[in-house]
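In case you want the letters, here they are:
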Amino acid sequence: MGLRILVTGGAGFIGSHLCERLLDQGHDVLCLDNFFSGHKRNIAPFLQRPNFELIRHDITVPILLEVDQIYNFACPASPKAYMQNPVKTVKTSVMGTINMLGLAKRVKARILQASTSEIYGDPKVHPQVESYWGNVNPIGIRSCYDEGKRVAETLMFDYRRQNNVDTKIVRIFNTYGPRMLEDDGRVISNFIVQALRGEDLTVYGDGTQTRSFCYVDDLVEGVIRMMNTDDFFGPVNLGNPTEFKIIELAELVLRLTRSRSRIVFKPLPQDDPVQRQPDITLARTRLGWEPKVPLEEGLLRTIAYFTKLLL
Ligand code: NAD
Ligand code: UDP
């Protein structure tokens, strides 16, 4: 039977893919978004569907709804976006998560929090396992996001212990794909858009820092599996464990777009993590999940999206 499912941040990059998959599964989907870093074009095709509803709302303000499940994805994810209004970023993760947990408590809904690999900060343990507590600067320019997400995790556990709320946490590692904004600021959309426009690809630092990139369809599969697993509440890492240097990514994007753009080097932003790779043993064993789309294939799909968008 179809459930009533709330997706906060549903007009964003990952949220819109999540809404689409849940609609396809036959659920009633309530997409809630304040459009801070999302876009109406991400969800415009769903407006025709009878099982889709859109609410323009800010999760830092309480809201009364009747739902069975909540995916709490509202929060700007790109450093450029979350640093634009850092106080608001903290409010979204702290007050917003309290509001969504209060809603879950009132209607006895299950709630899944989109946490992040950023809670590990600049990690001293590699690859990152869920039991690692992280290495986060509490007062830096990324702290509004990292610490906000860490408090959101704390809230999930305190509402579980104190109020028996059915909570879940996924720690998402760098995810990419169609529907990222062209001016989002994250590395994959930046490189693809720069390559397609014939602009220089901006590598920050010397490009030896690493990230592990997960295609959005794989990620959404893991998120939905986690929500619908009864005996495991996480936190669980979701990401693709294949690690790349940022300079390698730039070269790959140039090759796949057949672009003549050059690579230029810009200063490395403060507190930019040196290396990142998820240990996904827990997701493999508890959810039977692992990513399937290799970087090259995911990049080609993303390049196709941006090629059409930029026409
Ligand atoms: P995104 O910026 O595309 O989407 C976030 C959405 O939340 C946007 O549509 C935005 O308008 C909305 N939003 C922001 N603040 C809000 C508020 N106060 N009230 C209502 N809506 C609000 O980012 P994304 O990449 O789709 O990320 C979605 C979630 O996944 C975020 O919580 C993010 O922290 C988490 N995450 C993403 C990644 C990644 O690599 N994409 C990695 C780790 C965690
Ligand atoms: N980066 C880069 N050029 C860009 C954008 C980002 O070299 O135009 C680097 C950035 O410094 C970081 C990595 O790419 O080392 C991933 O950055 P992103 O903002 O995508 O994600 P995050 O740092 O949050 O993992």
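Throughout this description, residue numbers start from 1 for each chain and increase along the sequence as written. All chains are assigned letters beginning at A, and all ligands numbers beginning at 1, according to the order in which they are written. Given that this is a predicted model, residues contribute local features only at a pLDDT of at least 70 and side-chain atom pairs are listed and counted only at 80 or more, while totals for whole chains, interfaces and linings are drawn from all residues. Only hydrogens and water are set aside when side-chain values are computed; all heavy atoms of the structure are taken into account.

This paragraph deals with the site of ligand 1. Any residue with a non-hydrogen atom lying within 4 Å of a molecule or strand is treated as near it. Taken together, the neighbourhood of ligand 1 is formed by 29 residues, with Asp33, Ser37, Tyr145, Lys149 and Thr175 sitting nearest. Phe73 has a polar backbone atom sitting 3.1 Å from an oxygen atom of ligand 1. Any pair of N or O atoms that falls within 3.5 Å is considered a polar contact. Within protein, one atom must be able to donate a hydrogen and the other to accept it, and sequence-neighbouring residues count only if both atoms are side-chain atoms. Within the side chain of Tyr145, an N or O atom sits 2.6 Å from an oxygen atom of ligand 1. The protein chains shown are the only cover counted for residues, whose accessible areas, like all others here, come from Shrake-Rupley with a 1.4 Å probe. Here ligand 1, which alone exposes 820 Å², has 97% of that area covered by the protein. The helix count covers DSSP runs of H or I at least four residues long, the strand count covers runs of E at least two residues long, and both are numbered beginning at the N terminus. Those elements that place two or more of their residues in the shell around ligand 1 are α1 (13–24), β5 (110–116) and α5 (143–163). Ranked by the residues each element gives to the shell around ligand 1, the list is headed by β5, at three residues. When residue character is reported, Ala, Val, Leu, Ile, Met, Phe, Trp, Tyr, Cys and Pro are called nonpolar, Asp, Glu, Lys and Arg charged, and the others, Gly included, polar. For the shell around ligand 1, the class distribution of residues is 14 nonpolar, 11 polar and four charged.

The environment of ligand 2 is made up of 18 residues, and the closest members are Thr202, Tyr204, Arg211, Asp272 and Arg276. Take Thr202: an N or O atom from its main chain is 2.6 Å from a nitrogen atom of ligand 2. Between ligand 2 and Arg276, the relevant distance is 2.7 Å, taken from an oxygen atom to a side-chain nitrogen or oxygen of the residue. Out of a free accessible area of 520 Å², ligand 2 has 96% covered by protein chains. Looking at the shell around ligand 2, the elements that each hand over two or more residues are α6 (187–197) and β8 (201–204). Here the residues of the shell around ligand 2 are counted per class, giving seven nonpolar, five polar and six charged.

Let us look at the confidence of the model for the protein. Model confidence for the protein is summarised by a mean pLDDT of 97, while 100% of its residues fall at 70 or above. Per-element averaging of pLDDT across the protein places helix α3 (residues 79–82) at the bottom with 94 and strand β4 (residues 69–72) at the top with 99. What pLDDT expresses is the predictor's confidence in each residue, scored from 0 to 100.

Residue burial is assigned from relative accessible area. The probe radius is 1.4 Å, only protein chains are included, and a residue is buried under 20% of its type maximum, exposed over 50%, and partly exposed in between. The buried fraction of α6 is high, at eight of 11 residues. Those residues of α6 not exposed but buried are Ile188, Ser189, Asn190, Phe191, Ile192, Val193, Gln194 and Ala195. The first or second residue beyond α6 is Gly198, which carries a positive phi of 75°.

Before going further, it helps to examine the sheet that holds strand β11 (residues 236–238). Pairing between two strands requires that DSSP report at least two bridges joining them. Overall, parallel pairing links the seven strands, which are arranged β3-β2-β1-β4-β5-β6-β11 in an open sheet. Both edges of this open sheet fall to β3 (52–56) and β11, since each of them pairs with a single strand only. When strand polarity is set aside, the average angle formed by the axes of neighbouring strands in this sheet is 20°. By the bridge criterion, four bridges tie β4 to β5 in an arrangement that is parallel. When the sheet's bridge partners are listed, Gln69 is paired in β5 with Arg110. Residue contacts follow a heavy-atom distance rule, with two residues in contact if any of their heavy atoms lie within 4.5 Å. For helices, the fitted line uses only the C-alpha atoms of the stretch in contact; every axis is such a line through C-alpha atoms, and the angle between N-to-C directions lies from 0 to 180 degrees. Contacts from α1 reach β1 (4–8), β2 (28–33), β3, β4 and β6 (167–172) within the one sheet, and its direction differs from that of β1 by about 170°. Each of β5 and β6 touches α5; the most contacted strand, β5, lies at about 155° to it.

The description of two packed helices rests on the angle between their axes and on the distance between the axes. One can describe the packing of α6 onto helix α10 (residues 295–309) by two numbers: an axis separation of 10 Å at closest approach and a directional angle of 55°. Relative to α10, the element α6 is oriented oblique. Our pair here, α6 against α10, has a crossing hand that is right-handed. Of the residues in α10, those in contact with Ile188, Ser189, Ile192, Val193 and Leu196 of α6 are Leu295, Leu299, Thr302, Ile303, Phe306 and Thr307. Of the residues in the contact of α6 with α10, the class split is eight nonpolar, three polar and no charged. Should an angle lie under 35 degrees it is considered roughly parallel, over 145 roughly antiparallel, and from 65 to 115 roughly perpendicular; all remaining angles are considered oblique. Each helix crossing is assigned a hand: it is left-handed if the near helix lies turned anticlockwise from the far helix by less than a right angle, otherwise right-handed if that turn is clockwise.

Right, let's talk about the packing of aromatic side chains for a bit. Each pair of aromatic rings taken from Phe, Tyr and Trp, with Trp reduced to its six-membered ring, is defined by centres within 6.5 Å and is described as stacked if the planes are under 30 degrees apart, edge-to-face if over 60, and tilted in the remaining cases. The tally for this structure, following the rule as stated, stands at nine aromatic pairs. Note on Tyr176 and Tyr215: the rings are 5.6 Å apart at their centroids and 70° apart in plane angle, and the pair reads as edge-to-face. Here the residue Tyr176 occupies a position in strand β7 (residues 175–176), and Tyr215 occupies one in strand β10 (residues 214–215), the gap between them amounting to 39 residues. No difference in accessibility class separates Tyr176 from Tyr215, as the two residues are buried.

Let us look at the environment of Tyr120. Note on placement: Tyr120 falls in the loop between β5 and α5. Residues Tyr120 and Val136, spaced 16 residues apart in sequence, show a C-alpha to C-alpha distance of 6.6 Å. Not counting chain neighbours up to four residues away, the residues in contact with Tyr120 comprise Gln128, Val129, Glu130, Tyr132, Gly134, Asn135, Val136, Arg171, Phe173 and Asn237.

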